[in-house]
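What follows is each chain in one-letter form.
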Amino acid sequence: GYGPAVLYVLLAGTAAAQPLGPMTTQQLSRSRVIKFKDIPLRKLDNGGIQRVVMSGTLPTGEFIEIHETVLPAGRTPHASHKHPNSEWLFIQTGDLEFIDDDGKLIPVKPNDIVFSASNAKHGLRNVGDTPATYIVFAVSKQLETPTLPR
């Protein structure tokens, strides 16, 4: 599977320790290795947890956001929604169901990759008996007020 190694992100200068989560364009112009153990946990209202790896505007102008979510059994991260970001979900563990922009329910298993197009309605549900873990990578043009996926 993808595992925590996927979160060892290399971007564009040094491997010096840098803050995680929201970053400036200047911070995103330097390469780095992010150790999984150093990413702080954020508790979610649905009982899950999230590790925000980084977000911000790259020197090339794209807004990015990367995080890992652990979604409890039987839960959704939020209601079906749409946003300007295109996003990819790299499924690590669990049995999920993706709700596409036509409302079709599609089974999703570990090692599958889900793509949600910009402004296309989509949703996700953990249909398994154990927590599901996935990594989200989102990208869009920089907006006045970015809409971050969860």
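Look up: the structure comes first, before these words.
Residues numbered from 1 in each chain as written. Predicted model: local features only at pLDDT ≥ 70, side-chain atom pairs only at ≥ 80, totals over all residues. Heavy atoms only, no water.

The next point concerns the packing of aromatic side chains. Taken as a whole and judged by the stated rule, the model has 2 aromatic pairs. Ring geometry for W88 versus F115: centroids 5.2 Å apart, planes at 45°, classification tilted. Of this pair, W88 sits in strand β5 (residues 86-93) while F115 sits in strand β8 (residues 113-116), and the two are 27 residues apart along the sequence. Judged by its relative accessible area of 45%, F115 is partly exposed. (Phe/Tyr/Trp six-rings, centres within 6.5 Å; stacked < 30°, edge-to-face > 60°. Helix = DSSP H or I, 4+ residues; strand = E, 2+ residues; numbered from the N terminus. Buried < 20%, exposed > 50% of the residue type's maximum accessible area, 1.4 Å probe, protein only.)

In this section: the environment of F115. Expressed as a C-alpha distance, the spacing of F115 and L89, which sit 26 residues apart in the sequence, is 6.5 Å. Leaving out residues up to four positions away in the same chain, F115 has contacts with S86, E87, W88 and F98. (Contact = heavy atoms within 4.5 Å.)

Bringing the nonpolar core into the picture now. With 12 residues, the main nonpolar core is built from M23, L28, I34, F36, I39, V53, M54, L58, I64, I66, I135 and V139. Of all the elements in the fold, those that place two or more residues in this core are β3 (49-57), β4 (62-71) and β10 (132-141). Among the nonpolar cores identified, the runner-up in size contains 11 residues, and L71, F98, Y134 and V136 belong to it. (Core = buried A, V, L, I, M, F, W, Y, C linked by side-chain atoms within 4.5 Å.)

This paragraph deals with empty space enclosed by the protein. One simple way to see leftover space: roll a probe sized like a water molecule over the atoms. In this structure, the largest cavity spans a volume of roughly 90 Å³. In terms of lining, the largest cavity is formed by 11 residues, of which the most central are P77, E87, L89, H122 and L124. Breaking the lining of the largest cavity down by element, the ones donating at least two residues are β5 and β9 (123-126). Among the residues making up the lining of the largest cavity, the classes are represented as 5 nonpolar, 4 polar and 2 charged. (1 Å grid on protein atoms, 1.4 Å probe; cavity = no way out; pocket = protein on both sides within 12 Å on 5 of 7 lines; lining within 4 Å. Points joined across faces, edges and corners; volume = space filled by probe spheres on them. Nonpolar A, V, L, I, M, F, W, Y, C, P; charged D, E, K, R; others polar.)

Let's shift gears to the side chain of S140. With respect to the helices and strands, S140 occurs in strand β10. Apart from the residues within four sequence positions on either side, S140 is in contact with E62, F63, P84 and N85.

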